[in-house]
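# Structural overview for review
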Amino acid sequence: MNLYSLTLHEIRDKMRNGEISSKEVLDSVYKRIEEVEDKIGAYLTLTKDYAYEVAESIDRRRLKGEELGDLAGIPVAVKDNISTKGIKTTCASKMLENYVPPFDAHVIEKLKDAGAIIIGKTNLDEFAMGHSTENSAFKITKNPWDLERVPGGSSGGSAAAVAADEAYFSLGSDTGGSIRQPAAMCGIVGFKPTYGAVSRYGLVAFASSFDQIGPFAKDVEDCAIILNYLYGHDERDSTSLPAEYEDFKAALNKDIKGMKIGLPKEYFAEGIDPEIKDLVLNGVKVLENLGAHVEEISLPHTKYAVPVYYIITSAEAFSNLARFDGVRYGYRTKEYKDLEELYVNSRSEGFGKEVKFRILLGTYSLTSENYDYYHKRALKVRRLIRQEFDEAFNKYDVLISPSYPIVATKFGEQSENVSIAYMSDICTVPINIAGIPAMSIPCGFSKGLPVGMQIMSKAMGEAAIIKVAHAFERNTDYNKKKPSL
Ligand code: GLN
């Protein structure tokens, strides 16, 4: 058994009982990266020198007999839209190609305090806009299960790194599914926290009222461990919740007898691959056999979620990306005669096609003629979608659906059919619209490709998700399967 293929909690135990050092763990992961990274392309930057320095200090502390937490000495990969002090943070955009942040994101401070070792920054769709990681300005990332297919997006590099055992866990960001979708397509666990539970300080903003940072993990236990470190109030993010969080590890190994599960029928309707639907329903059967009560429910506003999501997020993106103008931030063109040309050429050359599309959409829906018709109406429907979830969670502990309606697509397929690409967000965007938490957990294989089941709860109800997901994982073995690389 190679060290790199173990889970976070397994490797933690081995380090704790003195079997191995943090340096040996790092050696194993970097060796793995050397072996497979040419095929996968998960990373944009590797931080080897830095990583070994941290590993040595962790080993020294351990030798002195210091009590170290769960993450001490554990290698982690970080999506390249999360600020890392002294380490390039490009957002996979030409706009920020050479940007080295002078500060750490809140989550990075937390990981560093916990002794986790940042081993590299991972590829993504430019500014986290996309579903396949094909929109990166620098390279594509391949799905470890099938190198001709996408890993999902936008956090495709972070998902592929964990699925290919090139990291024990990773961080992504999820605005409309960018953690859950690639987690589903790469056969690992991905978690999108309650809006406000994890500070966005240092996350390069896409759509601020939707964005959340969350983890990719090899199993549910690892996920619970990581959440304990990411959650917490931060004054530097005005939307950070001033809440006390429970220990998520306490939600592991629990009985789910009597828990109430709702299956929203709109998430199993036309457009969902029938094999995926069957796999998720089989997964639900496992939970039913463990004593959960399952009922079909209806969330009728689901059909508006995709347009609502794209209208509001594009407006927020338009505003957030205004700062990248070649003067205040970002790439500056070499060709300009006057100030206007400086702005126009810097932005035209610095941003890719998808980002420009979102900026245009945002500009369009915010004009005085269009504002009421598009933006205001989208905000109203957002409220209705939230209310619908609130009502459902008065009756049910969790809701379950597929994480993604299709299996990982081949390269190029999404750009050939853009409307399929946008509609495929249908299972994940409602969750960000409502600000609730959700996990994607592996629930089987269709045509040899991993499929994810999405488990959602009310805001701050993550313990219920972990309970159900862990019960499922203990009674199945999908998370133990590995791609052959
Ligand atoms: N696929 C969605 C989009 O393109 C979600 C992206 C995300 O969650 N960052 O906007």
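For the structure given in this document, a descriptive report is provided here. These numbers were taken from a predicted model, which means no experiment stands behind them. (Residues numbered from 1 in each chain as written. Predicted model: local features only at pLDDT ≥ 70, side-chain atom pairs only at ≥ 80, totals over all residues. Heavy atoms only, no water.)

## Regarding helix H9 (residues 305–320)
Across its 16 residues, H9 extends 22 Å between first and last C-alpha, which sits within 8% of the 22 Å expected from 1.5 Å per residue. Counted residue by residue, H9 has 13 buried out of 16 residues, so it is predominantly covered. (Helix = DSSP H or I, 4+ residues; strand = E, 2+ residues; numbered from the N terminus. Expected span 1.5 Å × (residues − 1). Buried < 20%, exposed > 50% of the residue type's maximum accessible area, 1.4 Å probe, protein only.)

## Structural notes on the sheet that holds strand E7 (residues 260–264)
The strand order E1-E3-E2-E4-E6-E5-E10-E11-E9-E7-E8 describes an open sheet built from 11 strands, whose pairing is mixed. Of all strands in the sheet, those bounded by a partner on one side alone are strand E1 (43–46) and strand E8 (293–297). Taking the axes of each pair of neighbouring strands and ignoring which way they run, one obtains an average angle of 30° across the sheet. Pairing geometry for strand E2 (residues 75–79) and strand E4 (residues 169–174), over 3 bridges, is parallel. For Val 76, the partnering residue across the bridge sits in E4 and is Phe 169. Of the strands in this sheet, E1 and strand E3 (117–122) touch helix H3 (residues 48–63), which is tilted by about 160° from E3. (Pairing = 2+ DSSP bridges. Axes fitted to C-alpha atoms, helices over the stretch in contact; angles between N-to-C directions. Contact = heavy atoms within 4.5 Å.)

## Digging into the environment of Glu 354
One can find Glu 354 in helix H11 (residues 353–366). Judged by its relative accessible area of 19%, Glu 354 falls in the buried class. Apart from residues lying up to four places away in sequence, Glu 354 is in contact with Met 129, Asn 135 and Tyr 422. Engagement of the side chain of Glu 354 in a polar contact is seen with the side chain of Tyr 422, the distance being 2.6 Å. (Polar contact = N/O pair within 3.5 Å; in protein donor to acceptor, adjacent residues only side chain to side chain.)

## A few points about unusual backbone geometry
Most peptide bonds adopt trans geometry, and most residues besides glycine take a negative phi value. In this structure, Ser 154 follows Gly 153 across a cis peptide bond, with omega equal to 5°. For Ser 154, the position within the fold is in the loop between E3 and helix H5 (156–163). In this structure, Met 460 takes a positive phi of about 65° despite not being glycine. Inspection of the secondary structure puts Met 460 in the loop between strand E11 (449–456) and helix H16 (462–474).

## Topic: empty space enclosed by the protein
One pass over the structure, following the stated rule, counts 3 cavities of 30 Å³ or more. Approximately 80 Å³ is the volume found for the largest cavity. Surrounding the largest cavity, 14 residues form its lining, Gly 130, Ser 178, Tyr 309, Tyr 310 and Asp 425 being those nearest its centre. Residue composition of the lining of the largest cavity, grouped by class: 5 nonpolar, 7 polar and 2 charged. Reported here for the second largest cavity is a volume of approximately 40 Å³. When contributions to the lining of the second largest cavity are tallied by element, the ones reaching two or more residues are helix H6 (180–186) and E11. Partitioning the lining of the second largest cavity into residue classes produces 8 nonpolar, 1 polar and no charged. (1 Å grid on protein atoms, 1.4 Å probe; cavity = no way out; pocket = protein on both sides within 12 Å on 5 of 7 lines; lining within 4 Å. Points joined across faces, edges and corners; volume = space filled by probe spheres on them. Nonpolar A, V, L, I, M, F, W, Y, C, P; charged D, E, K, R; others polar.)

## Notes on the nonpolar core
Ranked by internal contacts, the top residues of the largest apolar core, which has 140 residues, are Ile 119, Phe 127, Phe 389 and Ile 400. With 8 residues, the next largest nonpolar core counts Ala 163, Ile 179, Ile 188 and Phe 216 among its residues. (Core = buried A, V, L, I, M, F, W, Y, C linked by side-chain atoms within 4.5 Å.)

## A few points about the site of the ligand
Around the ligand there are 15 residues in total, and Thr 175, Gly 176, Ser 178, Tyr 309 and Arg 358 lie nearest to it. The separation between an oxygen atom of the ligand and a polar side-chain atom of Tyr 309 is 2.7 Å. Bound to the protein, the ligand loses 100% of the 300 Å² it would expose on its own. Cavity membership is defined here by more than half of the atoms lying within 2 Å of grid points; on that basis the ligand lies in the largest cavity. For the shell around the ligand, the residue count by class is 5 nonpolar, 7 polar and 3 charged. (Near = heavy atom within 4 Å. Areas by Shrake-Rupley, 256 points an atom, 1.4 Å probe, with all protein chains shown as cover. Sits in = over half its atoms within 2 Å of the grid points.)

## Quick word on a nonpolar patch on the surface
Together, Val 327, Leu 339, Tyr 343 and Val 344 give the surface a local cluster of nonpolar side chains, amounting to about 330 Å² of exposed area. Here Val 344 shows up in helix H10 (residues 339–350). The partly exposed category is assigned to Val 344, whose relative accessible area is 42%. (Patch = residues over 30% accessible without salt bridge, like charges linked within 9 Å, V, L, I, M, F, W, Y side chains within 5 Å. Salt bridge = Lys/Arg side-chain N within 4 Å of Asp/Glu carboxyl O.)

## So, the packing of helix H1 (residues 8–16) against helix H7 (residues 220–230)
Taken N-terminus to C-terminus, the directions of H1 and H7 make an angle of 75°; their axes are 8 Å apart at the nearest point. It follows from the interaxial angle that H1 and H7 lie roughly perpendicular. Across from Leu 8, His 9 and Arg 12 in H1, the residues of H7 making contact are Glu 221, Asp 222, Ile 225 and Ile 226. Split into classes, the residues belonging to the contact of H1 with H7 amount to 3 nonpolar, 1 polar and 3 charged. (Parallel < 35°, antiparallel > 145°, perpendicular 65-115°, else oblique.)

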